[in-house]
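# Residue-level structure breakdown
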Amino acid sequence: MPKGSPELTHARREEIVEACKTLYKDMSFKDITIMKIAAYTTFSRASIYNYFETKEEIFLSILQKEYELWVEDLNRIKDSSDTMSKDEIAKALARSLERRRLLLKLMSMNHYDMEENSREERLCEFKVAYGNSLKAVDAILQKFCPDMDEKARESFLYSFFPFIYGIYPYTVVTDKQKNAMDKAGVGYVYYSIEEIAYTCAVKLLEG
């Protein structure tokens, strides 16, 4: 790690992460390289390695930030009211995910690679953010669903979280994919992230 204040180090890491996010809007994960990321920063390719050892670590930082933003949304849901019905909880969770399209995209496409090719210390930082999202959803359930015991809440969490990993590919389909499905006799029916997430959440909550 290069010498410098923690604030400067953080700012440089953020610049790299934002450059990667910019590229990811129009490029695939596999086509993005450290060299291409460097072209969108004030750093050389070699300098980026002072802050991230791999491309996957940069993407993991993006995913970590998305989880942190989602936790902020979840905490606002918990603090927004004294009472909420299960239907209202499902709708609120679904809307929160609709705002986190990048989170869902990264979850569904590159999660294993990001974790496998990142240093343990970086992975631990990410797991804190992931763990906080579990805790935030659990806190919502504890506050608004007093009829759910610990086992029931755990069942919801470990059904809902794996489910949301697969939402993104069902909501973003290319023309090539649509044509292939049509030829295969599958067809394609569009549902938004909010619609899919709500359907799952409300069924899980209502048992």
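Residues numbered from 1 in each chain as written. Predicted model: local features only at pLDDT ≥ 70, side-chain atom pairs only at ≥ 80, totals over all residues. Heavy atoms only, no water.

## Quick notes on the overall build of the chain
Secondary structure assignment for the chain yields eleven helices and zero strands. Listed N to C, the secondary structure of the chain is α-α-α-α-α-α-α-α-α-α-α in terms of helices and strands. C-alpha extents for the chain along the principal axes are approximately 55 × 50 × 25 Å. Expressed as a percentage of the 207 residues in the chain, the buried residues total 42%. Restricting the contact set of the chain to residue pairs at least 6 apart, pairs at least 24 apart contribute 74%. (Helix = DSSP H or I, 4+ residues; strand = E, 2+ residues; numbered from the N terminus. Buried < 20%, exposed > 50% of the residue type's maximum accessible area, 1.4 Å probe, protein only. Contact = heavy atoms within 4.5 Å.)

## A look at the packing of aromatic side chains
This structure, assessed with the given rule, holds ten aromatic pairs. Taken together, a centroid distance of 5.6 Å and an interplanar angle of 65° make the contact between Y67 and F126 edge-to-face. Of this pair, Y67 sits in helix α4 (residues 55-79) while F126 is found in helix α7 (residues 120-144), placing the two residues 59 residues apart along the sequence. Three or more aromatic residues link up through ring pairs in this structure, and these residues are Y67, W70, F126, Y130, F156, F160 and F161. Its end group placed over the ring of Y24, K105 keeps NZ or CZ at 4.0 Å from the ring centre. (Phe/Tyr/Trp six-rings, centres within 6.5 Å; stacked < 30°, edge-to-face > 60°. Lys NZ or Arg CZ within 6 Å of the ring centre and 35° of its normal.)

## Considering the packing of helix α1 (residues 6-24) against α4
Packing of α1 against α4 leaves a shortest axis separation of 9 Å and a crossing angle of 90°. As the angle between them shows, α1 and α4 are arranged roughly perpendicular. Across from R13, I16, V17, C20, K21 and Y24 in α1, the residues of α4 making contact are I58, F59, S61, I62 and E66. Considering only residue class, the contact of α1 with α4 consists of seven nonpolar, one polar and three charged. (Axes fitted to C-alpha atoms, helices over the stretch in contact; angles between N-to-C directions. Parallel < 35°, antiparallel > 145°, perpendicular 65-115°, else oblique. Nonpolar A, V, L, I, M, F, W, Y, C, P; charged D, E, K, R; others polar.)

## A closer look at the state of the cysteines
Any covalent bond linking the sulfur atoms of two cysteines counts as a disulfide. Under the criterion given, the structure shown has zero disulfides. Free of any disulfide, C200 has its nearest cysteine sulfur in C145, 14 Å distant. Under the relative-accessibility criterion, C200 is labelled buried at 12%. (Disulfide = S-S within 2.5 Å.)

## Some points on helix α8 (residues 150-164)
With 15 residues, α8 should cover 21 Å at 1.5 Å per step; its first-to-last C-alpha distance of 21 Å lies within 8% of that length. Within α8, the full set of buried residues consists of R153, F156, L157, F160, F161 and I164. Projected onto a plane normal to the axis of α8, the buried residues spread over an arc of 110° and lie on a single side. Opposite the packed face of α8, turned more than 90 degrees from it, sit the exposed residues K151 and Y158. (Expected span 1.5 Å × (residues − 1). Arc of directions from axis to C-beta.)

## A closer look at the side chain of S96
Among the structural elements, S96 can be located in helix α5 (residues 86-98). In this structure the side chain of S96 is engaged in a polar contact, spanning 2.9 Å, whose partner is the side chain of W70. A distance of 2.6 Å separates the side chain of S96 from the backbone oxygen of L93, its partner in a polar contact. In this structure S96 touches W70, D73, L74 and I77, once residues within four positions along its chain are discounted. (Polar contact = N/O pair within 3.5 Å; in protein donor to acceptor, adjacent residues only side chain to side chain.)

## Side note on the pattern of salt bridges
Under the counting rule described, the total for this entry stands at 15 salt bridges. In this structure, E18 engages K21 in a salt bridge whose closest nitrogen and oxygen atoms are separated by 3.7 Å. Of the two residues, E18 and K21 both sit in helix α1, three residues apart, roughly one turn of that helix. A network of salt bridges, in which partner residues are shared, links E66, D73, R76, R99 and R100. (Salt bridge = Lys/Arg side-chain N within 4 Å of Asp/Glu carboxyl O.)

Distances and angles like these do not, on their own, reveal function.
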